Amino acid sequence: MIEIKNLHAKIEGKEILKGLNLKVNAGEVHAIMGPNGAGKSTLASILAGREEYEITEGEVTFEGSDLLELSTEERAHLGLFLAFQYPVEIPGVSNVNFLRTAINEIRDAKGEDPISAKDFMAMVREKSKIVELDSSLASRSVNEGFSGGEKKRNEIFQMAMLNPKLAVLDETDSGLDIDALRIVAKGVNTLKSANNATIVITHYQRLLDYIVPDFVHVLYDGRIVKTGNKELALKLEEKGYDWIKEETQVG
Amino acid sequence: MEDVLTQTKFDILRTRLTQTVLPLTEKAKEKAQALLEYSDFPTRRNEAWKYTNVNGLNKLLLDDSGSKSTELSIISKNAQRVHVVNGHIAKDQTALPGVKTSWNLLPELASEEPFDALNLLYCTAAIELNFDDVENKTIELVFENTCNSAISPRLFINCKKGAKGTVILNFQGAQDNASFINVSTYVEVEENANLSIHKIQKNGTNAFDLQREYVNQADNSTFTMNTFPLSGRMTRNDLIINVNGNNCETFMNGAYTLKGKSHCDNHTTVDHKVAHCYSKELYKGVIDDRATNVFNGKVFVRKDAQKINAFQSNANILLSDTGTVNSKPELEIYADDVKCSHGSTTGQLDEEAVFYLRSRGLSEKSAKELLVKAFLGEVLEEVEHDDVRSYVEEQIELHFLA
């Protein structure tokens, strides 16, 4: 699905990623955890194609294409989806209107015909149920006046509508109460299949009680320094990140 | 007084214009001539024209050359229509109720504006519209400009006591038409009347379009002016509304889309002379390439005009690094029990929003288009006439295709 090799990146002259390696196969859920400033959000931003970052070394292959050569929208056309840590409010642009444009541009890139209005609306009704999103929210302006929980549910609703191959969830649990967390996680689990994959970036283990990862990676100082199963997440929750830091320095 | 020997820019312009064939009283003619003789083109020193330079008028040929057909767009199929072609009322039209296209004598000049005097002396069509019942009919005046001509329509719109009316002023120019369009519109909104004017300025890319609306509102009247400068080399609109009556409502909306080297200047004045009135103004636009935009909105609240609610807002989005906006909202309040606000913003499209939309698969172009449509949508929501709204929406889409 995606393979990241020796990725180095900097922003404003400061090196953030220092040789990151990660391989994700179809059907897998990977969690990336790590202390503040380790480079978690940088990784998400680079995968989605934010232009502020300078890639100094390394490569990323996604579905056989050189991801770093593609524009943000081309990545989306290939099936990459980023759930934003801070979803943007866009007054005056309705959720459904923009999603319909997005779906049609993705279909157009694949050489498919545009979706019919009827099929589209049926899809909106079906997918909004997955995250228990009120259909009135679906037709309102994108994220405008949404609560923190509604914004995150809207991200997963969009993910459901776009049906990506690889979803990167950037701190999707931040700012969520326990009920919203459960709904968001249920949405992600419902969308999981043998053909897609998910990268969950999180600070806390809490989300991983609901979205159970196949692999847990610890990102520290721009590199993945430890990989394990979900037990690793529990250990991190219990002991914090200091032992990782020590281990890394010793190593 | 000694003769002034130097030739003014107005003198030069006048040598290329044809005197009006419409009847004018000697007094009217003299007054207009006197004003023009002692005026010259406005310069930067003139505050109201600080950012708008009309010297290019004297480079226009104005010889009826360059005939090219327009892709004429009629805005409202259900409206009664009057066609004005290259400034002159088309001959083979059936008379419409409430529309007078020639009358005995043009009234004399009511303003101190040289371009209004020019309009009177070189008037090419005088049209009077009268609304006298509550039915709210729509009259569309279609100004089709196919040649490089001097076009001076003079319009009188009267909405009588208790009547309702809608006027569409639809200016359509051939693609690179280079006309000089100079329009004066006098509007009377009588007691309890409700009048809406929608003005579409889709001029040729080399056309100069200078327009003035002088509006008087009587007690309990409602007046709406929606202005859509869509294309043209230079567009200047002066909207002057005297709210002379109590309990009036006044709405002014504008949306503009500028690109290339076009220049657009909207000057508005609302003069609240008496109490208990409401006015609301919203002008928004996008500026691309090397285009320049000027907005100047004045709201006066006179000493005895208590309990006035007046709101004004102008917002601009620059789509290029080379576009320019000069925006000046002005409030002058002499009463002490009023609620007024004004504001002006100029910025770029929200880059975060563009990125968000692109990350969902929208191309950069469609992301920007969607955001611009949403931005201008706030103005279009204010437009009650469905035909006008959908026409302008369509034009905004075409603006992005080109």
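Residues numbered from 1 in each chain as written. Chains lettered and ligands numbered in written order. Predicted model: local features only at pLDDT ≥ 70, side-chain atom pairs only at ≥ 80, totals over all residues.

1. A short note on the overall build of chain A
Next, step 1: On a plain count of helices and strands, chain A comes out with 9 helices and 12 strands.
Next, step 2: Relative to the compact-globule value of 18 Å for 251 residues, chain A shows a C-alpha radius of gyration of 18 Å, a close match.
Next, step 3: For chain A, the spread of C-alpha atoms along the principal axes amounts to about 60 × 40 × 35 Å.
Next, step 4: Split into buried and exposed, the 251 residues of chain A put 43% on the buried side.
Next, step 5: Restricting to contacts in chain A with at least 6 residues of sequence separation, those with at least 24 account for 72%. (Helix = DSSP H or I, 4+ residues; strand = E, 2+ residues; numbered from the N terminus. Rg over C-alpha atoms; globule rule 2.2 N^0.38 Å. Buried ≥ 20, exposed ≤ 12 C-beta atoms within 10 Å, placed from the backbone. Contact = placed C-beta atoms within 7 Å.)

2. A few points about the overall build of chain B
Next, step 1: Counting secondary structure elements, chain B contains 6 helices and 20 strands.
Next, step 2: By its C-alpha atoms, chain B is 70 × 50 × 50 Å across when sized along the principal axes.
Next, step 3: Out of the 402 residues belonging to chain B, those deemed buried represent 47%.
Next, step 4: Of the contacts made within chain B by residues no fewer than 6 positions apart, 85% connect residues no fewer than 24 positions apart.

3. Focus: the sheet that holds strand β10 (residues 197-202) of chain A
Strand pairing within a sheet occurs via backbone hydrogen bonds; the two strands may be parallel or antiparallel.
Residues and elements named next belong to chain A.
Next, step 1: Strand order across the open sheet formed by 6 strands is β6-β9-β10-β3-β11-β12, with mixed pairing between neighbours. Pairing within the sheet leaves two strands with one partner each, and these edge strands are β6 (80-83) and β12 (223-228). Averaged over all neighbouring strand pairs, the angle between strand axes comes to 20°, with direction disregarded.
Next, step 2: Relative to strand β9 (residues 166-170), β6 is paired through 4 bridges, and the arrangement is parallel. Residue leucine 80 lies in a different strand from β9, and its bridge partner there is leucine 166. (Pairing = 2+ DSSP bridges. Axes fitted to C-alpha atoms, helices over the stretch in contact; angles between N-to-C directions.)

4. Structural notes on the interface of chain B and chain A
Next, step 1: Taken together, the contact pairs 18 residues of chain B with 20 residues of chain A.
Next, step 2: Sorting the residues of the side of chain B that touches chain A by element identifies α4 (351-359) and α5 (364-380) of chain B as the ones contributing at least two each.
Next, step 3: Tallied by class, residues from the side of chain B that touches chain A come to 9 nonpolar, 5 polar and 4 charged. (Nonpolar A, V, L, I, M, F, W, Y, C, P; charged D, E, K, R; others polar.)

5. Structural notes on helix α2 (residues 26-37) of chain B
Residue and element names in this part refer to chain B.
Next, step 1: In this model α2 runs 16 Å from its N-terminal to its C-terminal C-alpha over 12 residues, within 8% of the 16 Å that 1.5 Å per residue would give.
Next, step 2: Inspection of α2 places Ala32, Leu35 and Leu36 among the buried residues, and these make up the whole buried set. Summarising the axial view, the buried residues of α2 lie within an arc of 100°, below the 170-degree limit, and thus occupy one face. Projecting away from the buried face of α2 at angles above 90 degrees are the exposed residues Glu26, Lys27 and Ala34.
Next, step 3: Where α2 is buried, its residues contact α1 (9-14) and α3 (114-121). (Expected span 1.5 Å × (residues − 1). Arc of directions from axis to C-beta.)

6. Here's the deal with the nonpolar core
Next, step 1: Counting residues in each nonpolar core, the largest one holds 167 residues, and the members touching the most others are Ala83(A), Val168(A) and Val184(A).
Next, step 2: If one sorts the elements of this core by residue count, α5(B) sits on top with 7 residues.
Next, step 3: Excluding residues within four positions of it along the chain, Val184(A) makes contact with Val131(A), Lys152(A), Arg153(A), Ile156(A), Thr172(A) and Leu176(A). (Core = buried A, V, L, I, M, F, W, Y, C linked by C-beta atoms within 7 Å.)

7. Let's talk about the packing of helix α4 (residues 117-130) of chain A against helix α6 (residues 148-162) of chain A
All names here are of chain A.
Next, step 1: Here α4 crosses α6 at 135°, and the two axes come no closer than 9 Å. In terms of orientation, α4 lies oblique with respect to α6. Relative to α6, the crossing made by α4 is right-handed. Of the residues in α6, those touching α4 at Met123, Lys127, Ser128 and Ile130 are Phe157, Ala160 and Met161. (Parallel < 35°, antiparallel > 145°, perpendicular 65-115°, else oblique. Left-handed = near helix turned anticlockwise from the far one by under 90°.)

8. Structural notes on the pairing of strand β9 (residues 180-189) of chain B
All names here are of chain B.
Next, step 1: For β9, the buried fraction is high: 8 of the 10 residues fall into the buried class.
Next, step 2: Across 2 bridges, strand β6 (residues 150-151) lies against β9 in parallel orientation. Residue pairing in the sheet places alanine 150 in a bridge with phenylalanine 180 of β9.
Next, step 3: Sheet analysis places strand β7 (residues 153-159) next to β9, joined by 6 bridges and oriented parallel. Bridging from a neighbouring strand, phenylalanine 156 pairs with tyrosine 186 of β9.
Next, step 4: As defined by bridge partners, β9 adjoins strand β11 (residues 208-217) across 10 bridges and the pair is classed as parallel. Across the sheet, residue asparagine 182 finds its bridge partner in β11, namely leucine 210.

9. Here we look at the sheet that holds strand β5 (residues 65-66) of chain A
Residue and element names in this part refer to chain A.
Next, step 1: What the 4 strands build is an open sheet, ordered β2-β1-β4-β5; its pairing is antiparallel. Looking along the sheet, the strands with just one partner apiece sit at the ends: β2 (14-24) and β5.
Next, step 2: The strands that helix α1 (residues 40-48) touches are β1 (2-11) and β2; relative to β2, the one it contacts most, it runs at about 70°.

10. Describing the confidence of the model for chain B
Next, step 1: Scored by pLDDT, chain B has a mean of 94; 98% of the residues are at 70 or more.
Next, step 2: Across the interface, the model reports ipTM at 0.95; the global pTM reads 0.91. (pLDDT = per-residue confidence, 0-100.)

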